[in-house]
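Each chain is listed here by its residues.
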Amino acid sequence: MAMSTCTKTTVIVVCLFGVLALFCAYNLQPLKRNIPPSNAVMSKVKSRSAEDSGARRKLRVQTRQHSSENSDYSDRPSPRPKDGSPSLSGDGDSSVFQDSDKELPDFSSASDSVRKVNTFFSTMKTSYQDIKLHEDGGIPVVTFLDSCRSLVLIFEKLGSTAFAPVKMDMNGNIKKINQKFSTNPRVFITLQHIVNMEKKAGQGHLSNSATQALLWLKRGLEFIKEFLSEILEGEQDLVKCANTAYERSLKPFHGWVVRGVFSLAVKASPYREQFLEHLCYTKDDFKHPDCERQLFQDLDTYLTALDVVIKILNDFYASLKLDHSEEG
């Protein structure tokens, strides 16, 4: 979708400012990236059980099988709160997605043993597993946005300025969608309602519309999903994880300026084991011998739910012919 000259100028200025900030941040910490990971940590990373290895990358909706092994998650000491906010996520049971007709595994379900390790994914206030689709397949706005807000916090776990532009963009799009929803909550119950209403009003193509905000938010979610999937697959280099994820998600929709900014910024990515440590809820959780296994189980479960939501949005935007690349 073509941008106006003013918009392009603004993007270039912001990007150049981001390059300068990231360059400074990267050069102020030269020693951090030259410290190799310890043998003890690397040994821990390689010790993942065969059970988890067999469960990796079962993220395609068409082949997804939710057996009892994949839902073997015990009660958490601090489950996600279900407050009285205007949520459309149901009564807290496992969410049922219309397109797969299966219950997604829930972190708080089905095990007699007590969870010994808490992770970033198991302690989220709201997760995509909390989403319950409407009968027509609509995605409830409130729960979706709350889930996105919880996920954006993962950039803080990276402990780097590398992904600051992605984080800023996602937060901005969340805000735009929420503002649109707030204008008429009784009508804009689902994301699809918002997009369809804007399309009928001839507003869907506008850069400040909720339709465009959701489109770019979806692309951001795809980037995070691909990035985390690469880690789940066992890739040790986060720079490679980020570059692969970028190729599969955001790059086709970015111009050469933004691509250049990302190429420079991603070099400041931390080491993999540092990121994994930050994904554990506490330092004690990270030191627990069951940490690696539990973390990757939680990650696999989380990506399964996220993948379903992304697929629904991809199919929806494709049906409206609203998802076009910068190159196309």
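Up top is the structure these notes are about.
Residue numbers restart at each chain and count upward from 1, following the sequence in its written direction. A pLDDT threshold of at least 70 governs which residues receive local features in this predicted model, and a stricter bar of 80 or more applies before side-chain atom pairs are shown or counted, although totals over entire chains, interfaces and linings include all residues. Only hydrogens and water are removed before side-chain values are computed, so all heavy atoms of the structure are retained for them.

Asker: An account of the overall build of the protein is needed here, citing residue identities and associated values.
Answerer: Strands here mean DSSP runs of E at least two residues long; helices mean DSSP runs of H or I at least four residues long; both are numbered from the N terminus. Each helix and strand counted, the protein has 13 helices and 2 strands in total. Areas reported as accessible are Shrake-Rupley estimates using a 1.4 Å probe. Residue values count occlusion only from the protein chains shown. Entry remark: accessible area of the protein is about 16,400 Å², with carbon and sulfur atoms responsible for 55%.

Asker: Any details on the environment of E226? Residues and values, ideally.
Answerer: In this fold, E226 is placed in helix α8 (residues 210-233). On the basis of relative accessible area, E226 is assigned to the buried category, the value being 9%. Each C-alpha atom of the pair E226 and C241 lies 8.0 Å from the other, and the pair is 15 residues apart in sequence. Here a residue-residue contact requires only that any non-hydrogen atoms of the pair lie within 4.5 Å. When neighbours within four sequence positions are excluded, E226 is seen to be in contact with A245 and R248. Working definition: with a 1.4 Å probe on protein chains only, accessible area under 20% of the residue-type maximum means buried, over 50% means exposed, and in between means partly exposed.

Asker: Outline the packing of helix α7 (residues 191-200) against α8, listing residues and values.
Answerer: Whenever a helix is involved, its axis is fitted only over the stretch in contact; in every case the axis is a line through C-alpha atoms, and angles between N-to-C directions fall within 0 to 180 degrees. Look at α7 against α8: their axes get within 9 Å of each other, and the N-to-C directions meet at 135°. Put simply, α7 runs oblique to α8. Packed against α7, whose contacting residues are L191, I194, V195 and E198, the element α8 presents A210, T211 and L214 at the interface. Each residue is assigned to one class: nonpolar for Ala, Val, Leu, Ile, Met, Phe, Trp, Tyr, Cys and Pro, charged for Asp, Glu, Lys and Arg, and polar for all the others, Gly among them. Of the residues contributing to the contact of α7 with α8, the split by class is 5 nonpolar, 1 polar and 1 charged. For classification purposes, angles smaller than 35 degrees are called roughly parallel, those larger than 145 roughly antiparallel, those between 65 and 115 roughly perpendicular, and all remaining angles oblique.

Asker: Quick rundown of the nonpolar core? Include the residues and the values.
Answerer: The nonpolar side chains of a soluble globular protein tend to be buried, and buried together. For the purposes of this section, nonpolar cores are sets of buried Ala, Val, Leu, Ile, Met, Phe, Trp, Tyr and Cys residues that join through side-chain atoms within 4.5 Å. Membership of the largest hydrophobic core comes to 69 residues, with the highest contact counts inside it found for F121, Y128, F144, F163, F227 and L228. Going through the elements one at a time, α4 (141-152), α5 (154-157), α6 (164-183), α7, α8, α9 (238-248), α11 (272-279) and α13 (291-319) are the ones with two or more residues in this core. A total of 14 residues in this core trace back to one element, the largest contributor, which is α13. Once residues lying within four places of it in the same chain are set aside, the contact partners of F227 are L158, F163, L238, C241, A242, A245 and F275.

Asker: Summarise the pattern of salt bridges; cite the residues concerned and give the values.
Answerer: Between Lys or Arg on one side and Asp or Glu on the other, a salt bridge is scored when a side-chain nitrogen of the former is within 4 Å of a carboxyl oxygen of the latter. The final tally for this structure, using the stated rule, is 13 salt bridges. The closest approach of N and O atoms between E156 and K167, which form a salt bridge, is 3.6 Å. Residue E156 is located in helix α5, and its partner K167 is located in helix α6; the two are separated by 11 residues in the primary sequence. Among the residues examined, K167 registers a relative accessible area of 25% and is labelled partly exposed.

Asker: Describe α6, listing the residues and the values that go with them.
Answerer: Here a helix's expected span is defined as the number of its residues, less one, multiplied by 1.5 Å. Its 20 residues place the ends of α6 29 Å apart at the C-alpha level, agreeing with the 28 Å of an ideal helix rising 1.5 Å per residue. Those residues of α6 that sit buried are V166, M170, N173, I174, I177 and F181. End-on view of α6: buried residues confined to an arc of 105°, all on one side of the axis. Relative to its buried face, α6 has exposed residues pointing more than 90 degrees away, namely M168, K175 and T183. On its buried side, α6 packs onto α4, α5, α7 and α8. When we speak of the arc, we mean the arc of directions from the helix axis to the C-beta atoms.

Asker: Requested: an account of helix α10 (residues 256-265), with residues and values cited.
Answerer: The complete set of buried residues in α10 reads V257, V261, F262 and A265. In an axial view of α10, the angular spread of the buried residues amounts to 135°, which keeps them on one side of the axis.

This is a description of form; function is not addressed.
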